[in-house]
Amino acid sequence: FFKNWMNNSRYKESFDHFSRLFEEGSKVQEKLTLHGYEKFIDCKAPECIDKEIVKGLARGVENKSVTSSKIKEIIALRLYCFYFEGYKHLYDALYQAAFLTESVKLFPPNFTTADEGFKYYSVSGAAIDTCYRKYYFSVKGRKHEGVLGAVTKIVEQTWLNNFLFPLEVAWKKALELQGKWSFSSIIMQNRFYQTYIQPFNGSEKRIFVVISDALRYEAAAELTERLVKNDKFEAKLEMIAGAVPSYTQLGMAALLPNKDLQIIPGGDSVAIDGKPASSGYREARLIERNPRSRVFSASEFVKMDSTEGREAVKALEVIYIYHNKIDSTGDDKTSEGDTFKAVEDAFEDIENLLRRIAAFNGYNVLITADHGFHFQESKLPDNEFIDASIYGNVEVLKRRVAFGSNFNTDEKVIKMTAEQVGITSTHEFLFPAGRANFKLAGAGSRFVHGGLSLQEVAIPVIKFTKKRITDTELVGIAIISKGSNNLTTNNPVFELIQNKPVSQKVLEREVVVGIYAPDGTLLSDEQTLLFNLQGNDARQLLRVVRFVMRGDISRYNNKRVALMVKDKMVKPSEDPLITRMDLFLNIPLANDFDDF
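Read on for a plain summary of the structure. Fair warning: this is a prediction, and the values are worked out from it, not measured in the lab. (Residues numbered from 1 in each chain as written. Predicted model: local features only at pLDDT ≥ 70, side-chain atom pairs only at ≥ 80, totals over all residues. Heavy atoms only, no water.)

Moving on, we come to the overall build of the protein chain. Helices and strands together make up the secondary structure of the protein chain, namely 18 helices and 28 strands. With respect to the principal axes defined by its C-alpha atoms, the protein chain has extents near 105 × 60 × 40 Å. The proportion of buried residues among the 596 residues of the protein chain is 52%. As displayed, the protein chain offers around 28000 Å² of accessible surface, 50% of which is attributable to carbon and sulfur atoms. Here the protein chain contributes 78 positive and 78 negative side-chain charges, whose respective centroids are spaced 2 Å apart. (Helix = DSSP H or I, 4+ residues; strand = E, 2+ residues; numbered from the N terminus. Buried < 20%, exposed > 50% of the residue type's maximum accessible area, 1.4 Å probe, protein only. Areas by Shrake-Rupley, 256 points an atom, 1.4 Å probe, with all protein chains shown as cover. Lys, Arg positive; Asp, Glu negative; His and termini not counted. Charge placed at Lys NZ, Arg CZ, Asp CG, Glu CD.)

Below you can see the structure in the form of structure tokens.
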């Protein structure tokens with residue numbers, strides 16, 4: 001009764017009403033305080049249970065007594081509780097906080113060369129940045145944010161002091177050994193067209209290129225994971241080294257066909273092979289290399305219906321689509337604090353673009369960026385701002401790079417010549433070492449790019465393909481037989497097992513489980529379960545399910561019934577049954593009046 005009442009949307013208000021009465025009348029909070037949250041993790045209500053669990057987990061993250069895997073396990077147990085949705089963002093944030101602190105300790109940046117630095121970031125560093133981003137996306141500006149105030153301080157200090165600072169130190173030493181912006185193990189951004197696009201020219205195969213301004217590598221890694229979970233979607237992430245200085249004009253130019261990239265004297269404008277590389281020149285430059293090329297903005301591309309879109313691209317081989325969500329948000333001082341939300345919005349935009357491309361019969365897509373970005377939630381202290389003018393003649397000044405001449409250096413800055421960075425320019429370039437910024441009036445200082453940090457220069461290339469055949473499957477579920485199929489208790493227990501661990505192409509499955517009579521009457525409580533288990537050991541793929549038989553089972557006693565597992569998400573026209581076990585109902589029914 002309780003579970004059906006709790007899960008029936010028609011009675012949400014009454015359940016909440018009586019839950020609050022119970023919380024007050026039964027002094028639940030006193031019991032929670034006395035015994036600790038761990039004793040109450042299985043309790044479905046009242047609301048103070050979730051509040052106490054969140055506070056308890058927060059204390060555990062603060063003192064490092066709770067692991068990310070434990071938090072994940074608790075989330076799975078709380079998932080279908082009545083009040084969980086109102087606290088889901090806090091549970092998610094706590095998981096990210098615990099995973100971040102664990103990862104920082106396990107994966108220090110112990111590289112010595114720049115090539116090793118790129119590899120470290122692709123394997124470990126990017127995942128730590130993702131935890132940082134997702135933590136703040138989960139809590140910032142959300143309900144009960146203040147409850148995690150102490151956790152937020154730990155996340156910020158751990159990320160800054162235990163990850164970012166040693167990463168910056170190792171990366172600076174590696175760059176000083178490198179001497180030139182060229183690497184043996186990674187493709188340079190100015191070779192993007194030659195490497196990825198040129199093979200399609202004249203092949204009659206159409207290639208779409210989505211360029212999302214400031215889509216940094218760690219975000220692209222998450223996007224790739226999201227994409228491969230879609231049926232018929234295949235995505236593979238690669239890394240290239242961005243052009244430096246890592247600002248928009250140069251990065252956008254590097255993604256076009258080029259032999260020589262030049263910074264035009266007198267400013268920061270860029271030329272490709274002597275021609276100014278303004279946004280209006282992009283399509284002309286592509287057509288110079290391949291007449292069957294065209295440029296779209298993301299907004300105009302998604303506005304086309306299927307017929308219009310197919311007609312627009314059918315004669316083309318190379319289609320560049322320019323998208324700008326992250327950079328437009330972060331580069332505005334008034335909105336830079338919303339950078340991490342902009343990343344999530346960009347994911348949705350790009351997925352929508354891919355659906356439109358598929359509708360226009362597009363199967364091959366590259367997703368990349370002009371540059372990444374560096375963002376920290378806390379404001380930089382005053383001593384992290386550097387006066388560039390003390391180092392020499394500054395002609396153009398940005399937050400993360402100064403263009404000029406006759407630059408001196410010290411431990412706070414890195415100097416590189418135009419020859420070293422591989423472009424044509426009369427300038428030398430001065431970069432702040434680490435997270436520091438140059439002093440620049442009016443500019444934002446939390447979202448920055450233009451410099452040399454791995455967050456700014458590790459550029460993603462997602463190779464995306466739309467297949468014609470299904471390549472995903474939902475996990476299979478089986479009921480483990482215990483031998484006898486006699487159902488003899490009012491509280492039967494069964495074991496369900498996944499056939500495979502969840503992976504990129506083996507997807508989680510939400511099911512409804514219950515015991516039913518032949519006429520469809522539900523004889524037990526009905527439970528919703530999410531099978532998203534991972535692990536190579538069969539025991540890690542097992543779920544134990546406990547049922548409570550209902551009061552009207554007497555009509556079906558000594559008859560055949562069935563335990564059924566049904567897919568919750570199937571279409572109304574489809575059979576939801578995944579598996580079943582036939583049972584013989586044989587529960588002793590006492591006569592309440594025998595001894596009256």
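At a closest axis distance of 11 Å, the pairing of helix α7 (residues 114-139) and helix α8 (residues 149-178) adopts a crossing angle of 160 degrees. Between α7 and α8, the angle is such that the two are roughly antiparallel. As α7 packs across α8, the resulting crossing turns out to be left-handed. Residues Ala114, Asp115, Gly117, Phe118, Tyr120, Gly125, Ile128, Asp129, Tyr132, Tyr135 and Tyr136 of α7 touch α8, and the partners they reach there are Val151, Thr152, Val155, Glu156, Trp159, Phe163, Leu167, Trp171, Ala174, Leu175 and Gln178. Looking at the contact of α7 with α8, its residues break down into 15 nonpolar, 4 polar and 3 charged. (Axes fitted to C-alpha atoms, helices over the stretch in contact; angles between N-to-C directions. Parallel < 35°, antiparallel > 145°, perpendicular 65-115°, else oblique. Left-handed = near helix turned anticlockwise from the far one by under 90°. Contact = heavy atoms within 4.5 Å. Nonpolar A, V, L, I, M, F, W, Y, C, P; charged D, E, K, R; others polar.)

Let us now look at the sheet that holds strand β1 (residues 187-188). In spatial order, the strands read β1-β3-β18-β9-β2-β8-β7; together these 7 strands make up an open sheet with mixed pairing. In this open sheet, the two strands that pair with only one neighbour each are β1 and β7 (293-297). Taken strand by strand, α7 contacts β3 (233-241) and β18 (458-466), and its axis lies near 150 degrees from that of β3. With respect to the sheet, helix α12 (residues 282-289) is in contact with β7 and β8 (318-323), its orientation differing from that of β7 by roughly 160 degrees. (Pairing = 2+ DSSP bridges.)

The final tally for this structure, using the stated rule, is 29 aromatic pairs. A ring pair is formed by Phe192 and Tyr196, whose centres lie 5.3 Å apart and whose planes are at 35 degrees; its orientation type is tilted. Residue Phe192 and its partner Tyr196 are both found in helix α9 (residues 192-197); the two are separated by 4 residues, about one turn of the helix. Look at Phe192 and you get buried, because its relative accessible area is 0%. Within the aromatic cluster, the residues linked to one another by ring pairs are Phe2, Trp5, Phe15, Phe18, Phe82 and Tyr83. Its guanidinium or amino end placed over the ring of Phe531, Arg543 lies 5.5 Å from that ring's centre, counting from NZ or CZ. Between the NZ or CZ atom of Lys566 and the centre of the ring of Tyr516, over which it lies, the distance is 4.1 Å. (Phe/Tyr/Trp six-rings, centres within 6.5 Å; stacked < 30°, edge-to-face > 60°. Lys NZ or Arg CZ within 6 Å of the ring centre and 35° of its normal.)

Left-over empty space is what a probe sized like a water molecule reveals as it rolls over the atoms. For the structure on display, the rule yields 1 cavity of 30 Å³ or more. Put simply, the largest cavity is a space of about 130 Å³. Lining the largest cavity are 15 residues, with Glu168, Trp171, Gly434, Leu452 and Ser453 positioned closest to its centre. Elements that contribute at least two residues to the lining of the largest cavity include exactly α8 and α18 (454-457). Top element by residues in the lining of the largest cavity is α8. It accounts for 6 residues. (1 Å grid on protein atoms, 1.4 Å probe; cavity = no way out; pocket = protein on both sides within 12 Å on 5 of 7 lines; lining within 4 Å. Points joined across faces, edges and corners; volume = space filled by probe spheres on them.)

Moving on, we get to unusual backbone geometry. Of all residues except glycine, most have a negative phi; of all peptide bonds, most are trans. Here the amide bond leading from Ala45 into Pro46 is cis, since omega sits at 5 degrees, within 30 degrees of zero. Looking at where Pro46 falls in the secondary structure, it is placed in the loop between α3 (28-35) and α4 (47-62). Phi angles above zero are rare outside glycine, and Lys27 is one such case at about 55 degrees. Among the secondary structure elements, Lys27 is positioned in the loop between α2 (12-25) and α3. The backbone of Asn361 shows a phi angle near 65 degrees, a positive value even though the residue is not glycine. Here Asn361 is to be found in the loop between α16 (339-359) and β9 (364-368).

What follows is about the sheet that holds strand β26 (residues 542-546). With antiparallel pairing, the 3 strands of this open sheet are ordered in space as β20-β22-β26. Only two strands of the sheet have a single neighbouring strand rather than two, namely β20 (477-480) and β26. Between one strand axis and the next, the sheet turns through 30 degrees on average, direction left out of account. Alignment of strand β22 (residues 493-498) against β26, held across 5 bridges, turns out to be antiparallel. By the bridge assignment for β26, Glu495 is matched with Val544.

So, about the pairing of strand β27 (residues 559-567). When strand β24 (residues 509-516) meets β27, the two strands line up antiparallel, connected through 6 bridges. For Val513, the partnering residue across the bridge sits in β27 and is Val565.

Another point: the environment of Gln534. By the element assignment, Gln534 lies in the loop between β25 (527-531) and β26. For the pair formed by Gln534 and Thr248, sequence separation is 286 residues and the distance between their alpha carbons is 41 Å. Among all residues touching Gln534, those that are not within four sequence positions of it are Lys72, Pro501, Val502, Gln540 and Leu541. Within the structure, Gln534 has its side chain in polar contact with the backbone oxygen of Val502 (distance 3.4 Å). (Polar contact = N/O pair within 3.5 Å; in protein donor to acceptor, adjacent residues only side chain to side chain.)

The subject of this paragraph is the side chain of Asp370. Within the secondary structure layout, Asp370 lies in the loop between β9 and β10 (374-375). It is Arg282 that comes nearest to the buried, bridge-free Asp370 among opposite-charge side chains, at 6.8 Å. At 3.1 Å, the side chain of Asp370 forms a polar contact with the backbone nitrogen of Ala214. In this structure the side chain of Asp370 is engaged in a polar contact, spanning 3.4 Å, whose partner is the side chain of Thr248. Residue contacts for Asp370: discarding those within four places in its chain leaves Gln189, Ile211, Ser212, Asp213, Ala214, Thr248, Gly251, Met252, Leu255 and Ile459. (Salt bridge = Lys/Arg side-chain N within 4 Å of Asp/Glu carboxyl O.)

For the rest of this paragraph, the subject is the pattern of salt bridges. Tallying each qualifying case throughout the model produces 34 salt bridges. Between Glu344 and Arg226 there is a salt bridge; the shortest N-O distance is 3.6 Å. With Glu344 in helix α16 and Arg226 in helix α10 (residues 217-228), this residue pair connects regions lying 118 residues apart in the sequence. The class for Glu344 is buried, based on a relative accessible area of 11%. By relative accessible area, Arg226 is classed as partly exposed at 26%. Linked through salt bridges whose partners overlap, the residues forming this network are Arg133, Lys134, Arg216, Glu218, Glu222, Arg226, Glu344 and Glu351.

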